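Spelled out, the chains give:
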Amino acid sequence: MASWKKKLQGLVAATLTPMTENGDINFSVIGQYVDYLVKEQGVKNVFVNGTTGEGLSLSISERRQVAEEWVTQGRNKLDQVVIHVGALSLKESQELAQHAAEIGADGIAVIAPFFFKPWNKDILINFLREVAAAAPTLPFYYYHIPALTGVKIRAEELLDGIQDKIPTFQGLKFSDTDLLDFGQCVDQNHQRQFALLFGVDEQLLSGLVMGATGAVGSTYNYLGKNTNQMLEAFEQKDFSSALNYQFCIQQFINFVVKLGFGVSQTKAIMTLVSGIPMGPPRLPLQKATREFTDSAEAKLKSLGFLFH
Ligand SMILES: CC(=O)N[C@@H]([C@@H](O)[C@H](O)[C@H](O)CO)[C@@H](O)CC(=O)C(=O)O
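All figures in this text were calculated on a predicted structure; none of them were measured in a lab. (Residues numbered from 1 in each chain as written. Predicted model: local features only at pLDDT ≥ 70, side-chain atom pairs only at ≥ 80, totals over all residues. Heavy atoms only, no water.)

1. Overview of the sheet that holds strand β3 (residues 80–84)
Rules: Note: two strands are recorded as paired if DSSP finds a minimum of 2 bridges between them. Only DSSP runs of H or I reaching four residues or more are called helices, and only runs of E reaching two or more are called strands; each is numbered from the N terminus. Structural elements are reduced to axes, namely lines fitted to C-alpha atoms, with helices fitted over the stretch in contact, and the angle between N-to-C directions of any two is expressed from 0 to 180 degrees.
Here eight strands make up a closed barrel; going around it, the order is β1-β2-β3-β4-β5-β6-β7-β8 and the pairing parallel. With direction set aside, neighbouring strand axes in the sheet form an average angle of 25°. Where β3 meets strand β4 (residues 107–111), three bridges bridge the pair, whose relative direction is parallel. Note on β4: the bridge partner recorded for H84 is A109.

Pasting the structure below:
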């Protein structure tokens, strides 16, 4: 088994990809974005080009450039920059994996291909192995997000014996609400060799109780500080405070989910809270409405998440 310098832990922000009003990527604000995460949110790990980053809506060339900019701007500031390199084409995924290694990223992650789908664990592992092999020096994470990929192969099944097939396998990003499946992943991870990162922000406390070693999510872009308070309370076994923090975060997420919440709305909220322009999303996503942003702003203020 390869042994890596540092284990991915704590909060990992699933980064947005800033865009200009005419739909180009706005690379110029990524440096500011890094500083904001580190200084204002206390978040020092990022997950780039994932769902929140509209990774699958970007061209391969754009994905390479975005990855490069995060690695460059994050140098000596961020702890880890993990690049999502999943694609429908194995070749493209391998190209992105190789590129991530060349630019000095700290890890790569891959979702299951979702058009022609792997219909069993072995086929999925074969696909993942081919991608991982293109970057043999980088920790590899499987990004489990069945609601979006439609690939329902259970994570606990996939984990069983995976390091024999993928020697660089280092963990899982679990974006699902099935705590039975997640718990069984934790239970298998006796030696705690893998990072088991929970991906449902509104349920993170349950994930922590079940044994999550960290979390990747969209809300850590602007609620990282508050979520870190929950992690600290949990660490100190102050479960009542941890629950209060989680309830407060849930109140916000529950509110925006009822209005219609996704990447577009996350861009609007992040622009509002950080002051860094995230711009519109790319089609087929639609820009958040003014009404959404005003309502989200009022809610953030009423919960004490926004002061200006
Ligand atoms: C479906 C989805 O976008 N899930 C988000 C969550 O952070 C989600 O926004 C949050 O839990 C609110 O529902 C993350 O799991 C996605 C993510 O980490 C990524 O962008 O790669």
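Picking up where we left off.
2. Things to note about the layout of surface pockets
Which entries qualify depends on this criterion: Both site types are read off a 1 Å grid over the protein atoms alone. A 1.4 Å probe that fits but cannot get out defines a cavity, while an open set with protein on both sides within 12 Å along at least five of seven lines defines a pocket; lining residues have an atom within 4 Å of a point. Grid points are joined across faces, edges and corners, and a volume is the space filled by probe spheres set on the points. Gly falls in the polar group here, along with every residue not listed as nonpolar (Ala, Val, Leu, Ile, Met, Phe, Trp, Tyr, Cys, Pro) or charged (Asp, Glu, Lys, Arg).
Taken as a whole, the largest pocket spans an internal volume of roughly 930 Å³. As for the largest pocket, its lining consists of 37 residues, of which T51, T52, Y143, I145 and L148 are closest to the centre. Secondary-structure elements contributing two or more residues to the lining of the largest pocket are α5 (146–149), β8 (214–217), α11 (239–259) and α12 (263–274). Tallying contributions element by element places α5 first for the lining of the largest pocket, with three residues. Considering only residue class, the lining of the largest pocket consists of 17 nonpolar, 15 polar and five charged.

3. Observations concerning a nonpolar patch on the surface
Cut-off, in case you're wondering: Patch membership needs two things, relative accessible area over 30% and no salt bridge, and members are linked within 9 Å if like-charged or within 5 Å if nonpolar (Val, Leu, Ile, Met, Phe, Trp, Tyr). For the accessible areas, the method is Shrake-Rupley and the probe is 1.4 Å, while residue cover comes only from the protein chains on display. Put simply, a salt bridge is a Lys or Arg side-chain nitrogen that is within 4 Å of an Asp or Glu carboxyl oxygen. Only protein chains enter the calculation, and the probe is 1.4 Å; a residue is then buried if its accessible area is under 20% of its type maximum, exposed if over 50%, and partly exposed in between.
Residues L88, F115 and F116 make up a contiguous nonpolar surface patch of about 410 Å² in total accessible area. Mapped onto the fold, L88 is located in the loop between β3 and α3 (90–103). Assessed through its relative accessible area of 43%, L88 is described here as partly exposed.

4. Quick word on the UniProt feature "active site" (unreviewed entry) in the protein chain
Counted only if it meets this: UniProt positions are given in the numbering used here, feature names are shortened, and annotations may be inferred rather than shown by experiment. When checking whether two residues touch, look at their non-hydrogen atoms; a contact exists if any pair is within 4.5 Å. Under this definition, polar contacts are N or O atom pairs within 3.5 Å; protein pairs additionally need one hydrogen-donor-capable and one acceptor-capable atom, and for neighbouring residues in sequence, both atoms have to be side-chain atoms.
UniProt annotation of "active site" (unreviewed entry) refers to Y143 and K173 when read in the numbering used here. Across 31 residues of sequence, these annotated residues stay compact in space, with a maximum C-alpha separation of 4.7 Å. Narrowing the list just given to those that line the largest pocket leaves Y143 and K173. Inspection of the secondary structure assignment puts Y143 in strand β5 (residues 140–144). Ignoring sequence-local partners within four residues, the contact set of Y143 consists of F47, T51, H84, V110, I111, A112, K173 and S175. Looking at Y143, its side chain comes within polar contact range of the side chain of T51, at 2.5 Å. With respect to the helices and strands, the residue K173 is situated in strand β6 (residues 169–174). Ignoring sequence-local partners within four residues, the contact set of K173 consists of F47, Y142, Y143, H144, L197 and V216.

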